[in-house]
Amino acid sequence: MKFIAKDIDFVTYYRYSFVNFTDMNIDYIFSIGLMSGTSLDGLDLVYVKFNIDDYQDFEIIHTDTIPYSEKWKTILQKSIDFSASELTTLDLEYGQLLAERVSEFIEKYAITKIDFIASHGHTVLHQPEKEITLQIGNGQVLANKTKHKVVCDFRTQDVVLGGQGAPLVPIGDALLFSEYDYCINLGGFSNVSYQKNEERIAFDICPVNIVMNFYVSQLGFDYDEDGALASKGGINELLLDKLNDLSFYKKKHPKSLGLEWVQQEVFPLIDEMEAEVPNILRTFVEHVAFQISNIVEQNAVILFTGGGVFNSFLMSRIAILSSGKTLKATNEMINYKEALVFAFLGLLKIKNEINCLKSVTGASKNHSSGVVFYPSFYERK
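Definitions and cut-offs
- Residues numbered from 1 in each chain as written.
- Predicted model: local features only at pLDDT ≥ 70, side-chain atom pairs only at ≥ 80, totals over all residues.
- Heavy atoms only, no water.
- Pairing = 2+ DSSP bridges.
- Helix = DSSP H or I, 4+ residues; strand = E, 2+ residues; numbered from the N terminus.
- Axes fitted to C-alpha atoms, helices over the stretch in contact; angles between N-to-C directions.
- Contact = heavy atoms within 4.5 Å.
- pLDDT = per-residue confidence, 0-100.
- Buried < 20%, exposed > 50% of the residue type's maximum accessible area, 1.4 Å probe, protein only.
- Core = buried A, V, L, I, M, F, W, Y, C linked by side-chain atoms within 4.5 Å.
- Phe/Tyr/Trp six-rings, centres within 6.5 Å; stacked < 30°, edge-to-face > 60°.
- Salt bridge = Lys/Arg side-chain N within 4 Å of Asp/Glu carboxyl O.
- Patch = residues over 30% accessible without salt bridge, like charges linked within 9 Å, V, L, I, M, F, W, Y side chains within 5 Å.
- Areas by Shrake-Rupley, 256 points an atom, 1.4 Å probe, with all protein chains shown as cover.
- Arc of directions from axis to C-beta.

**What to know about the sheet that holds strand β13 (residues 371-373)**
By definition, the strands of a sheet pair up through backbone hydrogen bonds, in either a parallel or an antiparallel sense. The mixed open sheet is built from 6 strands, whose spatial order is β3-β2-β1-β4-β7-β13. Looking at which strands have only one partner, the edges of the open sheet turn out to be β3 (54-66) and β13. Neighbour-to-neighbour, the strand axes of the sheet open up by a mean angle of 25 degrees, direction not taken into account. Of the pairings in the sheet, the one linking strand β2 (residues 43-51) to β3 comprises 9 bridges and is antiparallel in character. Paired with Val 46 across the bridge in β3 is Thr 63. Helix α3 (residues 139-146) rests against β1 (28-36), β4 (116-119), β7 (150-152) and β13 of the sheet, and its axis sits at about 160 degrees to β7. Of the strands in this sheet, β1, β2, β3, β4, β7 and β13 are in contact with helix α12 (residues 331-350), which crosses β2 at around 55 degrees.

**Some remarks on the confidence of the model for the protein chain**
When pLDDT is averaged along the protein chain, the result is 90, and 92% of the positions lie at 70 or above. This stretch, residues 1-24, has a pLDDT under 50; its non-local contacts, to residues over four places away or in other chains, come to 53 contacts.

**Considerations on the environment of Gly 172**
Inspection of the secondary structure puts Gly 172 in helix α5 (residues 170-176). Given a relative accessible area of 0%, Gly 172 falls into the buried group. Those residues in contact with Gly 172, other than ones at most four positions away along the chain, are Phe 177, Val 341 and Phe 344.

**Structural notes on the nonpolar core**
Counting residues in hydrophobic clusters, the biggest one holds 85 residues, and the most contacted among them are Ile 184, Leu 186, Val 211, Val 266, Ile 270 and Leu 340. Examining the composition of this core, we find that 13 residues originate from one element, α12, more than from any other. If sequence neighbours within four positions are ignored, Val 266 has contacts with Pro 207, Val 211, Leu 243, Leu 246, Trp 261 and Phe 284.

**Some words on the pairing of strand β6 (residues 132-136)**
Taking burial as the measure, the 5 residues of β6 include 5 buried ones, the bulk of the element. Because side chains alternate across β6, one face comprises the buried residues Ile 132, Leu 134 and Ile 136, and the other comprises Thr 133 and Gln 135, equally buried. Where strand β5 (residues 122-127) meets β6, 5 bridges bridge the pair, whose relative direction is antiparallel. Bridged to His 122 within β6 is Ile 136. Once β5 ends, the chain turns through 4 residues before running back antiparallel as β6, passing Glu 131 with a positive phi of about 60 degrees.

**Quick word on the sheet that holds strand β9 (residues 189-196)**
As summarised here, the arrangement of the 5 strands in space is β10-β9-β8-β11-β12, forming an open sheet in which the pairing is mixed. Two strands close off the open sheet at either side, each with one partner strand: β10 (199-207) and β12 (325-328). Across the sheet, the mean angle from the axis of one strand to that of its neighbour is 25 degrees, orientation sign disregarded. As paired elements, strand β8 (residues 182-186) and strand β11 (residues 301-305) share 4 bridges and run parallel to each other. Note that in β11 the partner of Cys 183 across the bridge is Leu 303.

**With respect to the packing of aromatic side chains**
Inspection of every chain in the model, using the stated rule, returns 16 aromatic pairs. When the centroid spacing of 6.0 Å and the interplanar angle of 25 degrees are considered together, the rings of Phe 30 and Tyr 47 count as stacked. Placement of Phe 30 in strand β1 and of Tyr 47 in strand β2 is noted, with a sequence separation of 17 residues between them. For the pair Phe 30 and Tyr 47, one class covers both residues: buried.

**Some remarks on the pattern of salt bridges**
Under the defined criterion, the tally for this structure stands at 10 salt bridges. A salt bridge links Lys 337 to Asp 173, with the nearest nitrogen and oxygen atoms 2.6 Å apart. Pair noted here: Lys 337 is in helix α12 and Asp 173 is in helix α5, with a separation of 164 residues, a long-range link. Given the relative accessible area of 3%, Asp 173 is considered buried. Counted as one network, the salt bridges with shared partners bring together Arg 282, Glu 286 and Arg 317.

**Details of a nonpolar patch on the surface**
On the surface, a cluster of nonpolar side chains totalling about 250 Å² of accessible area is made up of Phe 290, Ile 320 and Leu 321. Within the secondary structure layout, Ile 320 lies in helix α11 (residues 312-322). You can call Ile 320 exposed: its relative accessible area is 55%.

**Section: helix α1 (residues 70-78)**
Since the α-helix turns once every 3.6 residues, residues separated by three or four places project in the same direction. Listing the buried residues of α1 in full gives Trp 72, Lys 73 and Leu 76. Projected down its long axis, α1 shows its buried positions confined to an angular sector of 100 degrees, all on one face. Of the exposed residues in α1, those oriented more than 90 degrees away from the buried face are Glu 70, Lys 71 and Lys 78. Along its buried surface, α1 packs onto α2 (84-108), β5 and β6.

**What about the pairing of β10?**
In terms of burial, β10 is largely enclosed, as 8 of its 9 residues are buried. Both β9 and β10 contribute to a ladder of 8 bridges, which runs antiparallel. Pairing of Gln 195 across the sheet is with Arg 200, part of β10. Counted along the chain from β9 to the antiparallel partner β10, the turn is 2 residues long, and its residue Asn 197 has a positive phi close to 50 degrees.

And the structure:
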């Protein structure tokens, strides 16, 4: 059994719902946003306040990152090979984990005002060309356990409409961070968002931490702090040429990447051509910097976010190759921008406003994506 986006039977427990805020005397909406990236750094949580009439008037009030246990990290790493029944179970169990983490976050900061929770979930499968996408983290479980309205599953509808289901952050870039020429995230993958001819353009650029963290883990580290190991390695020029020549980089946008592509295209290439981890890291840093430099125009104002920003060696190579004006946001924005934007996507969904752009994903139309769950009056024991 495959998890197919257009297979409505797979999502029988989904309940779409809209709330008309114009009927309510509300100026600000309070939300908790959840994000789990492919690099498995942990679960990011934000508590944020939005002005529903002026979206650029927002405030991140509390933030937290909760690392995954080794058990959960292993489960999520291996989940791509799970059977359909195993994924169904995992969806429920991961939903329970999210509920526990959210409840702890609420208690830690004594949060009392919550209008909804918006959860990205964790991507297990993403092959939009086959109409497959799956983000685990059961919304009904999360709603029932936290006793709060939940918005989740932001990708499925877009894939049904012929889109990539990614990237989803660009609507947030356009409405929350319009002062920047480019918004680039450096996470498991790098992705870019920018305005061109009155249209928002966005796509995945290349893998970043999903590859570098994999190889540095062979030396017993979770990540290459400041790029110290990479800076001591040498560039394997032949490997670099092969990486830059991968067919994905010749495709026109919209386009997106997933773990499956990395496993099929990147890891075998690296393993065949280089054995020394510092050399792999150094070569891949140059690959990332080169791919980004192909995207940005000179002297652009760029907002960089994501964990990769803390890799100072990577950032220095990007700055040198791109000749752009790279800007670091505050640590809060670097770490939590994606969780913030998913909270914002949830707000747009609840207001039934567009949160998925066809110019970005390739879907047949702009649309309001996501699923809304309400706590059940009872829980099946």
